[in-house]
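Take a look at the letters that make up each chain.
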Amino acid sequence: MKENNLEQQIKKLAIDEGADLVGICSADSIKDKEFSDPNFLMPGAQSVISIAVKLDDDIVNKYLSKEDYLALCYEEGYITKELLKIGDKIKQFLEENGFKAYRCNINFNYRNINTTSKSVVSALKNLIDLINKDNDQNLELTEKEQNTLNMLKKLILGGFRKSPMKLVPNFSHRCAAVAAGLGRVGWSGNIITEEYGARVLFGSIITDAELKPDNVLANNPCIGCKICEKSCQGGLFQKEEHEVITIGNLEEKIAKRNSYAYCIAVCSGMVGQNKFKEWSTWSPFRFDEIDHLPLDESVDQYVSNMYARAIEKGGKEAENVLRLIENTFLGRNDKPAEDFRPTCGFCQLVCGPTLQNKKESYESIINSGCIDS
Ligand code: SF4
Ligand code: SF4
């Protein structure tokens, strides 16, 4: 096989296997940041292949208008499996041609979470079982169970109150996608493609093959409509102020971020409302003591405590936290597609391919009411 043919063969393979977009960037172009340096996962990295699969517009529209929840959960789960499968095929192809390759996981892999301590998940399951039993009028805890409950509460709830609000991914698929020419960073920080807006999911394959990189997109498809900001219950984005991030030689202007705690509380599904009362995300949960998240730096501690309080309540709220912890510690890559349970993602999903589509999607969100708490 001729080396100069390798890029086309990789791209053809990606498309044949189901990718909607594929591009290549050099590892050097994105190695300047901790979360996008491909050498962290594969020392000696030379290139990254970025792939994307689009979300189905009908399914997204029914999710935003609250007509159908599970279809989008399955769609995200199914696309994640697709991206992993396409990535594995590309990895295999590169290895058969004498190169090293690493297929990145899709999401929920963080550098500042100790994923070796998987016992957290079983300990949390145990704690929630005991809390549920304790809450059940017809059941009584044994003395041994009561002692275990007290011990687990102290250990686990204490840990939650110290959890970091900013998680550092093992690898940023977004940086690779921008550098490989698949899209540009929009006002929301999501990657906006020319073809599908922000309605895509990304995967990446790192290799030591020196591949010819693609050009970055010359024009940013983000039209600055800020509909993403208006669709965010969390309040992560500031309306007017911006910040500049750099990827390779590009400077991208995005909405200035408030504390990530605003996003974590709503993105994670711990609450389904914050800024707006006329509509909610798909999360049925609400605040206990306040109407909105605090507007100062105390928000980080408030959100950490929110997790601990949800566990103490038991039932569905505790199950929701368990799902998040499973995702964070065990990753989502091996989970069955049916287990994916996004409740928001509106900043991404509202941003369809055309302005008309974005406007209609926004109308769907604000006219679809609330999921009952
Ligand atoms: S919704 Fe509008 S402003 Fe926000 S990322 Fe999409 S195009 Fe840009
Ligand atoms: S996922 Fe939801 S809460 Fe999080 S930033 Fe996007 S719109 Fe806001």
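This write-up is about the structure you can find in this document.

The rules behind these values
- Residues numbered from 1 in each chain as written.
- Chains lettered and ligands numbered in written order.
- Predicted model: local features only at pLDDT ≥ 70, side-chain atom pairs only at ≥ 80, totals over all residues.
- Helix = DSSP H or I, 4+ residues; strand = E, 2+ residues; numbered from the N terminus.
- Expected span 1.5 Å × (residues − 1).
- Buried ≥ 20, exposed ≤ 12 C-beta atoms within 10 Å, placed from the backbone.
- Arc of directions from axis to C-beta.
- Core = buried A, V, L, I, M, F, W, Y, C linked by C-beta atoms within 7 Å.
- Domains from an automatic or database assignment.
- Contact = placed C-beta atoms within 7 Å.
- Near = placed C-beta within 6 Å.
- Nonpolar A, V, L, I, M, F, W, Y, C, P; charged D, E, K, R; others polar.
- Pairing = 2+ DSSP bridges.
- Axes fitted to C-alpha atoms, helices over the stretch in contact; angles between N-to-C directions.

Let's talk about helix α9 (residues 299-313)
Piece 1. If you check α9, its first and last C-alpha atoms are 21 Å apart, about what 15 residues at 1.5 Å a residue would give, namely 21 Å.
Piece 2. Three or more residues of α9 are buried, namely Val299, Val303, Met306, Tyr307, Ala310 and Ile311. Within α9, the buried residues cover an arc of 135° as seen down the axis, which keeps them to one side.
Piece 3. Looking one or two places after α9, you find Gly314, whose phi comes out positive at around 70°.

As for the nonpolar core
Piece 1. Among the nonpolar cores identified, the biggest contains 95 residues, and Ile51, Ala52, Ala179, Ala265 and Val350 are the most heavily contacted of them.
Piece 2. Mapped onto the domain boundaries, this core takes at least three residues apiece from domain 1 (3-110 + 168-219) and domain 2 (119-166 + 259-366).
Piece 3. Sequence-distant contacts of Ala179, that is, excluding residues within four places in its chain, are made with Cys25, Ser29, Ile30, Val216, Ile247 and Gly248.

Focus on the site of ligand 2
Piece 1. Around ligand 2 sit Ser231, Cys232, Gln233, Gly234, Leu236, Cys263, Val266, Cys267, Cys344, Gly345, Phe346 and Cys347, and those are all the residues in its vicinity.
Piece 2. Among the secondary structure elements, those contributing two or more residues to the shell around ligand 2 are α8 (260-267) and α11 (346-349).
Piece 3. The residue makeup of the shell around ligand 2, split by class, is eight nonpolar, four polar and no charged.

Details of the sheet that holds strand β6 (residues 200-207)
Within a sheet, adjacent strands bond to each other through the backbone by hydrogen bonds, running parallel or antiparallel.
Piece 1. Across the sheet, which stays open at both edges, the four strands sit in the order β1-β2-β6-β3 with antiparallel pairing between neighbours. Two strands lie at the open edges of the sheet, namely β1 (21-26) and β3 (101-103), each paired on one side alone. Direction aside, the axes of adjacent strands within the sheet are offset by 20° on average.
Piece 2. Sheet topology places β1 next to strand β2 (residues 47-54); six bridges connect them, and they run antiparallel. Counted as the bridge partner of Ser26 is Ser47 from β2.
Piece 3. Against the sheet, helix α1 (residues 6-16) makes contact with β1 and β2, and its axis sits at roughly 145° relative to β1, the strand it touches most.
Piece 4. Where helix α3 (residues 70-96) meets the sheet, it contacts β2, β3 and β6, and its direction lies at approximately 20° from that of β6.

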